[in-house]
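Chain residues, written in single-letter form:
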Number of protein chains: 2
Amino acid sequence: MSISAKPASGMRDFLPEETTKRHHALKIIQQTYEKYGFVPLETPSIENLTTLLGKYGDEGDQLIFKILHRRDKLKKALEKENPEEKDLTDLGLRYDLTVSLARVVANNPKLPKYFKRYQMQPVWRADRPGKGRYREFMQCDIDITGTESLVAEAEVCTATAEALQNLGFENFYICINHRQLLKAAIEISGIPSGLETAALVAMDKLDKIGSDGVKDELLKKSITSSQAENLFKIAIRPEGLSEEEEIARLENEISASSSGKAALEEVKTLMQLMSATKAAKLCKVDPSLARGLGYYTGCIFEIRSDLFSGSLGGGGRYDGLVGMFKGEEIPAVGFSIGFERIIMLMDELNLFGKVHSGPDIMLCSFPDVPLTKVIKTAGALRSKGFKVEIYPEQGHKLGRQISYADTASCQFAGIIGSEEAASESLTVKNLKTGEQKNIKVSDADKEITL
Amino acid sequence: MSISAKPASGMRDFLPEETTKRHHALKIIQQTYEKYGFVPLETPSIENLTTLLGKYGDEGDQLIFKILHRRDKLKKALEKENPEEKDLTDLGLRYDLTVSLARVVANNPKLPKYFKRYQMQPVWRADRPGKGRYREFMQCDIDITGTESLVAEAEVCTATAEALQNLGFENFYICINHRQLLKAAIEISGIPSGLETAALVAMDKLDKIGSDGVKDELLKKSITSSQAENLFKIAIRPEGLSEEEEIARLENEISASSSGKAALEEVKTLMQLMSATKAAKLCKVDPSLARGLGYYTGCIFEIRSDLFSGSLGGGGRYDGLVGMFKGEEIPAVGFSIGFERIIMLMDELNLFGKVHSGPDIMLCSFPDVPLTKVIKTAGALRSKGFKVEIYPEQGHKLGRQISYADTASCQFAGIIGSEEAASESLTVKNLKTGEQKNIKVSDADKEITL
């Protein structure tokens, strides 16, 4: 009567090779973030529901994993006439990293005013599990709070671009838009203000369903065909224009809207600041970019590539959220890397190179060699920096020990017989090439090349 | 009407300095584990309750955080006449890392037979929060499954000892006992077999309540005073004996029990294997060590120090647990470092040295310097490996910018005025010493010493 050994629905076990790859990618992202002056923050997995609810829309609230009361609290709830969900829980699992950041900033007035933090932790969403959609997944966020300066936008964009480059990605670009610019385009198109949200939601799908699909959606929301076409004319960038030409085109299209002009001014400044960075050539103005409904109030960004559909990450300025916990508005801008998607693509594009999870050397020995000798040799090799495993069953035949070393993805077998034991040496067998040589244990660092 | 910004009860926010320290310690532990040939595993935070329940005793089951059903499943449960806890949940949060390991080993027959895995992830327990007792805390475990060889015991003990040494701990020792040795001592003392568990539970408190306290507990369980004294005579090590003398003493005391003798043989062999390691001098036979009720079946270990009470970690052999998911017995031995306690002690003992979370250099500039120039300088310094932050408000007075850099725990302010901008240089001010000098940006790596 054994128990099921499967992980729960939508959950994943990461075996050593997979975990090693994930650690490798996280380390590169972390080092890049730190170079840009971001400092690490970690927040609890469990938050009060008062912290979580009302930040992600009704749909989001439904997807929060909630923790059941225990003992007396549960008993009392179940004794009620008609217990409801709210009687049974007041805690939930972290749904994103931004709300946690907002709470921490409000709770720690001594943090630096311009708080540049990175956070790389899992979040949980009770979505229907599916291919590439998990209920626990890693987020890698950078945010800068406390300043309205566009330097902050430039910093998060540059740091994110460099992180992706350091991971090995090429041929991607940073699409840049401004929430108020898109709103102005909607207004100028003649779409009534009551339908602005509907228009934003439809435009957000442009990448997935194309302009014909978006038009169908707009018509369904009783936006007229000519309004839709007006919107496309402003917000869909014509092919073949340079960034300067596209900005000039938008300046012309948007001239009737003062908020639109101000927004475009910000995009222009950001493009100029970006021209001084290593990501200069990666930036593209994309007036159609909507970035969901979200909480964005200013510039918005998304990483795309011609090599695959969908985005590698996104972000933008959101000046309202952080203040929710503090009762005063705190400007903020952030960029989040889609870690799970990154890992999938790195696998596909073969960007992990020779990331290797197994030990370097497996010590295999004959039964007449004292185990203390084997253990001493392991200690000597470890102190030279090698990752060393000891085959634990000395009674097994040497061939079996060596073939095990191979399946356990070791690079070398280190064989110790009585001769080796007597001469403080080791017969090292390269498990890939089959090549074999006797070396002094004390020379291992010179003789063994990983 | 702002929302409370406090973390939930028993939960902690780790601000940048604290997070940096934790990352620093985790990295050292991880590197040590890897040197010993352990490979990383990560498992989901959420597990099926069938996986979790029945492994930690009734008390433990009560402390598992359970996830409330959602939508239809919840609705259906609440429509029942008298809904109970089991109607409301079938998922829970990971309670330790050992049960996850057991499940993964059972679910992945292709894993190496001698699976040496390390796992460093948080676990959750709904304990009453208190000083040093949290509801979310990190565990750092190593385990070796698939072998009964005492090499495995030696490996987990040596790796753990070296991890602690690499963290900076000295003056600790590894207490070693064997579950069957303690049981034999209980039997030989004349304590009836029905009271064995009661005796184990009482002995487990020796460290906290001393032998008088343990004796009181034993008497309460209707163990006689002379039985208690018999037990102490065998299981409490007399002062002044060497390890060899203590083993000889135990050989004599335990000679009437064949299982006790076999257990002592294993302890002897382990001590001999350990003599070949760097942890040789740290091992102490301690026949009183009980290690809770647990699932231990063989050798048991605990890290103690004379400098503080309590343990830094513990472990042992548990040959029953891993097989629970597989329906066949799989031997296993593990050692777990008490990470939260380690961090607390490292702080107290000042073992973090110059772990530093802030950026290295904050660029401060005058309003007449183009921001693109500042951004370019930041890029140049970053590509030399420095962690660089840009003060985002150029309009602020220089003094204000520099004093902010200081409070944000930067080591240097990098000042850019029009002269610096024109000469591709930087005035670098050491914020600790106040010392200040002008350097070429291209010479920064030679001129700035962190």
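Computed from a prediction, not measured in an experiment: that's the story for all the values here.

**Quick notes on the overall build of chain A**
Each helix and strand in chain A was counted, giving 18 helices and 16 strands. At 28 Å, chain A has a C-alpha radius of gyration far larger than the 22 Å of a compact globule built from 450 residues. With the C-alpha coordinates aligned to their principal axes, the bounding extent of chain A is approximately 90 × 65 × 45 Å. Split into buried and exposed, the 450 residues of chain A put 46% on the buried side. Across chain A, every contact between residues at least 6 apart in sequence was considered, and the portion connecting residues at least 24 apart equals 68%.

**Some words on the packing of helix 1 (residues 16-35) of chain B against helix 7 (residues 150-167) of chain B**
Residues and elements named next belong to chain B. Taken N-terminus to C-terminus, the directions of helix 1 and helix 7 make an angle of 145 degrees; their axes are 9 Å apart at the nearest point. For the pair helix 1 and helix 7, the crossing hand works out as right-handed. In contact with Ala25, Ile28, Ile29, Thr32 and Tyr33 of helix 1, helix 7 contributes Ala159, Glu162, Ala163, Asn166 and Leu167. Classifying every residue of the contact of helix 1 with helix 7 by side-chain character gives 7 nonpolar, 2 polar and 1 charged.

**Let's talk about the interface of chain A and chain B**
A common way to express how large an interface is: the accessible area buried when the components associate. Contacts between chain A and chain B engage 90 residues on the former and 90 residues on the latter. In terms of residue class, the side of chain A that touches chain B is built from 42 nonpolar, 26 polar and 22 charged.

**Observations regarding the packing of helix 9 (residues 196-203) of chain A against helix 10 (residues 206-220) of chain A**
Residues and elements named next belong to chain A. Two elements in contact, helix 9 and helix 10, have axes separated by 8 Å at closest approach and are oriented at 145 degrees. From helix 9, Ala199, Ala202 and Met203 reach across to helix 10, where they touch Leu206, Val214, Glu217 and Leu218. For the contact of helix 9 with helix 10, the class distribution of residues is 6 nonpolar, no polar and 1 charged.

**Things to note about the sheet that holds strand 15 (residues 425-430) of chain A**
Residue and element names in this part refer to chain A. Strand order in this open sheet of 5 strands is 13-12-14-15-16, and the pairing throughout is mixed. Two strands lie at the open edges of the sheet, namely strand 13 (388-390) and strand 16 (436-440), each paired on one side alone. Neighbour to neighbour, the strand axes of the sheet diverge by 30 degrees on average, direction disregarded. Bridge count for strand 12 (residues 361-365) against strand 13 is 3 bridges, and the pairing is parallel. Within the sheet, the bridge partner assigned to Ile361 lies in strand 13 and is Val388.

**Considering the sheet that holds strand 5 (residues 115-124) of chain A**
Residue and element names in this part refer to chain A. Overall, mixed pairing links the 8 strands, which are arranged 1-5-6-11-10-9-7-8 in an open sheet. A strand with exactly one partner marks an edge of an open sheet, and here the two such strands are strand 1 (39-40) and strand 8 (283-285). In this sheet, strand 8 lies alongside strand 7 (residues 172-178) in parallel orientation, the contact comprising 3 bridges. Counted as the bridge partner of Cys175 is Lys284 from strand 8. Together, strand 6 (136-145), strand 7, strand 9 (299-305), strand 10 (308-317) and strand 11 (332-337) form the strand contacts of helix 7 (residues 150-167), whose direction differs from that of strand 11 by roughly 10 degrees.

**A few points about the nonpolar core**
Side chains of nonpolar character tend, in soluble globular proteins, to be buried together. Counting 256 residues, the largest nonpolar core has Ile174(A), Leu363(A), Ile174(B), Ile176(B) and Leu363(B) as the members making the most contacts within it. Leu363(A) has contacts with Val374(A), Thr377(A), Ala378(A), Val388(A), Ile390(A), Tyr391(A), Gly414(A) and Ile416(A), leaving out every residue within four places of it along the chain.

**Some remarks on the environment of Glu47(B)**
When you line up the elements, Glu47(B) lands in strand 2 (residues 46-48). Each C-alpha atom of the pair Glu47(B) and Tyr95(B) lies 9.4 Å from the other, and the pair is 48 residues apart in sequence. Residue contacts for Glu47(B): discarding those within four places in its chain leaves Ala8(A), Leu52(B), Gly92(B), Arg94(B) and Ser100(B).

**Comments concerning the domain arrangement of chain A**
You can read the domains of chain A as domain 1 (177-282) and domain 2 (361-447). Between the C-alpha centres of domain 1 of chain A and domain 2 of chain A the distance comes to 65 Å.

**So, the pairing of strand 7 (residues 172-178) of chain B**
Residues and elements named next belong to chain B. Of all the 7 residues making up strand 7, 5 are buried; the element is thus mostly covered by neighbouring parts of the structure. Bridge count for strand 7 against strand 9 (residues 299-305) is 7 bridges, and the pairing is antiparallel. Residue pairing across strands places Tyr173 opposite Arg304, the latter belonging to strand 9.

**A word on the relation of the copies chain A and chain B**
Relative to chain B, chain A is turned by 180 degrees and slid 0.0 Å along the rotation axis, the superposed coordinates differing by an RMSD of 0.0 Å. Both chain copies can therefore be described as sitting about a two-fold axis. A shared binding surface is used by both copies, with 100% of the interface residues of chain A retained as interface residues in chain B.

**Overview of unusual backbone geometry**
Residues and elements named next belong to chain A. Here Asn350, not a glycine, exhibits a phi torsion of approximately 60 degrees, which is positive. Turning to its location among the elements, Asn350 is positioned in the loop between helix 14 (339-348) and strand 12. Residue class for Asn350 comes out exposed when judged on the 8 C-beta atoms lying within 10 Å of it. Phi at Ser409 takes a positive value of approximately 50 degrees, unusual for a residue other than glycine. Within the secondary structure, Ser409 sits in the loop between helix 16 (398-407) and strand 14 (412-416). Classification of Ser409 by C-beta neighbours within 10 Å gives partly exposed; the count is 16.

**What to know about the confidence of the model for chain A**
This prediction gives chain A a mean pLDDT of 94; 99% of its residues lie at or above 70. Model confidence for the complex: the whole-complex pTM is 0.95, and ipTM, which rates the interface, is 0.94.

Cut-offs used in this document
Residues numbered from 1 in each chain as written. Chains lettered and ligands numbered in written order. Predicted model: local features only at pLDDT ≥ 70, side-chain atom pairs only at ≥ 80, totals over all residues. Helix = DSSP H or I, 4+ residues; strand = E, 2+ residues; numbered from the N terminus. Rg over C-alpha atoms; globule rule 2.2 N^0.38 Å. Buried ≥ 20, exposed ≤ 12 C-beta atoms within 10 Å, placed from the backbone. Contact = placed C-beta atoms within 7 Å. Axes fitted to C-alpha atoms, helices over the stretch in contact; angles between N-to-C directions. Left-handed = near helix turned anticlockwise from the far one by under 90°. Nonpolar A, V, L, I, M, F, W, Y, C, P; charged D, E, K, R; others polar. Pairing = 2+ DSSP bridges. Core = buried A, V, L, I, M, F, W, Y, C linked by C-beta atoms within 7 Å. Domains from an automatic or database assignment. Least-squares fit on C-alpha atoms with pLDDT ≥ 70 in both. pLDDT = per-residue confidence, 0-100.

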